[in-house]
Amino acid sequence: MDDKMTATLTQKALAARNNAYAPYSRFHVGAALITQDGQVFSGCNVENAAYPEGVCAEAGAISAMVAAGGSRKIASIMVAGKGPAPCLPCGGCRQKIREFATARTCVLVVDEDGALLFKDELHALLPSSFGPENLETGTEGKPA
C-alpha cells in the first residue's frame, strides 16, 4: 500500500472516529478499509446501554463494504483509536476481518493524531485462523 492510500485510509478512519457514539466508554474508534478493487469504506464504534450489543468500528466498515456490493476482499484496514497504545482490533473483529481477508491483508493502527502505531499482516494478529475455506462448500463454491 502506497503513502497516498495510507493517508486516505488515515483521514477516513479519523473522520469516522469523530462520528463514533461512545457515551459510556468515551473511547471513540474509527476504521476504514480498502478492497482489492479500490473501494474505501469506513465505520465507527456505536455503543449501546446494553453493553454487549455495541458495534465495533471495524464491523461497521465491513458491513458498509458488504452492503455496497462489489469486491468483498479487504486489502488493508486502518483503525484509529486514542492514546499512545495501538487500538488493535478485538478478537471478534479479527475474525470478522479474516472472513473477507486475503493472504496479505494488512492491518494498520493510528493514534488520534494520525501517527502510525502498528502495521502488520492479519495473520500476525490471528495465526492459524479458521476461515471460509475450512467449511464444506455448496455447489456454487460458497460456504454451505
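The structure under discussion appears in the preceding block.
A. Just the packing of helix α2 (residues 57-68) against helix α3 (residues 91-99), in detail. Between α2 and α3, the shortest axis-to-axis distance is 9 Å and the interhelical angle comes to 20°. Judged by the angle between their axes, α2 and α3 are roughly parallel. The way α2 lies across α3 gives a crossing that is left-handed. For the pair α2 and α3, contact is made by E58, A59 and I62 and by C93, K96 and I97, respectively. Across the contact of α2 with α3, the residue classes tally to four nonpolar, no polar and two charged.

B. Expanded view of helix α1 (residues 3-18). Along its 16 residues, α1 runs 23 Å from first to last C-alpha, staying within 8% of the 22 Å computed at 1.5 Å per residue. Where α1 is concerned, the buried positions are T6, L9, T10, A13, L14, A16 and R17. Buried residues of α1, viewed axially, fall in a sector of 160°; they line one side. Facing away from the buried side of α1 by more than 90 degrees, the exposed set consists of K4 and N18. Looking at the buried side of α1, the elements it contacts are β1 (30-35), β2 (40-44), β3 (74-80) and β4 (101-110). The N-cap of α1, judged by a side-chain oxygen 3.3 Å from the amide nitrogen of K4 a few residues on, is D2.

C. Spotlight on the pairing of β1. With six of six residues buried, β1 is to be regarded as a mostly interior element. Along β1, one buried face is formed by G30, A32 and I34 and the opposite face, lined by A31, L33 and T35, is buried too. Taken together, the five bridges between β1 and β2 define a ladder with antiparallel strand orientation. Across the sheet, the residue bridging to A31 is G43, located in β2. Linking β1 back to β2 in an antiparallel pair, the connection comprises four residues, with G38 at a positive phi of about 90°. In this structure, β1 lies alongside β3, joined through six bridges in antiparallel fashion. From the neighbouring strand, A31 faces β3, where its bridge partner is V79.

D. Here's a closer look at the pattern of salt bridges. Going through the model one piece at a time under the given rule, you end up with two salt bridges. The partner of E133 in a salt bridge is R98, with the nearest N and O atoms 2.3 Å apart. In this pair, E133 is assigned in the segment after α4 (122-125) and R98 in helix α3, connecting sequence segments 35 residues apart. Relative accessible area serves as the criterion here: at 13%, R98 is assigned to the buried category.

E. Representation of the nonpolar core within the structure. Among the nonpolar cores identified, the biggest contains 21 residues, and L33, I62, M65 and I74 are the most heavily contacted of them. Those elements that place two or more of their residues in this core are β1, α2, β3, β4 and α4. With four residues, the single largest contributor to this core is α2. L14, A32, C106 and V110 belong to the second-largest nonpolar core, a separate cluster that totals ten residues.

F. Looking closely at the sheet that holds strand β5 (residues 116-121). Overall, mixed pairing links the five strands, which are arranged β2-β1-β3-β4-β5 in an open sheet. Among the strands making up the open sheet, the edge pair consists of β2 and β5. Neighbouring strand axes in the sheet, compared pairwise and without regard to direction, differ in orientation by 15° on average. Pairing geometry for β4 and β5, over five bridges, is antiparallel. For V110, the partnering residue across the bridge sits in β5 and is L116. Against the sheet, α1 engages β1, β2, β3 and β4, with an angle of about 145° to β1. Packing of α2 onto the sheet brings it into contact with β1, β2 and β3, and relative to β2 it is tilted by some 140°.

Calculation criteria
- Residues numbered from 1 in each chain as written.
- Predicted model: local features only at pLDDT ≥ 70, side-chain atom pairs only at ≥ 80, totals over all residues.
- Heavy atoms only, no water.
- Axes fitted to C-alpha atoms, helices over the stretch in contact; angles between N-to-C directions.
- Helix = DSSP H or I, 4+ residues; strand = E, 2+ residues; numbered from the N terminus.
- Parallel < 35°, antiparallel > 145°, perpendicular 65-115°, else oblique.
- Left-handed = near helix turned anticlockwise from the far one by under 90°.
- Contact = heavy atoms within 4.5 Å.
- Nonpolar A, V, L, I, M, F, W, Y, C, P; charged D, E, K, R; others polar.
- Expected span 1.5 Å × (residues − 1).
- Buried < 20%, exposed > 50% of the residue type's maximum accessible area, 1.4 Å probe, protein only.
- Arc of directions from axis to C-beta.
- Polar contact = N/O pair within 3.5 Å; in protein donor to acceptor, adjacent residues only side chain to side chain.
- Pairing = 2+ DSSP bridges.
- Salt bridge = Lys/Arg side-chain N within 4 Å of Asp/Glu carboxyl O.
- Core = buried A, V, L, I, M, F, W, Y, C linked by side-chain atoms within 4.5 Å.

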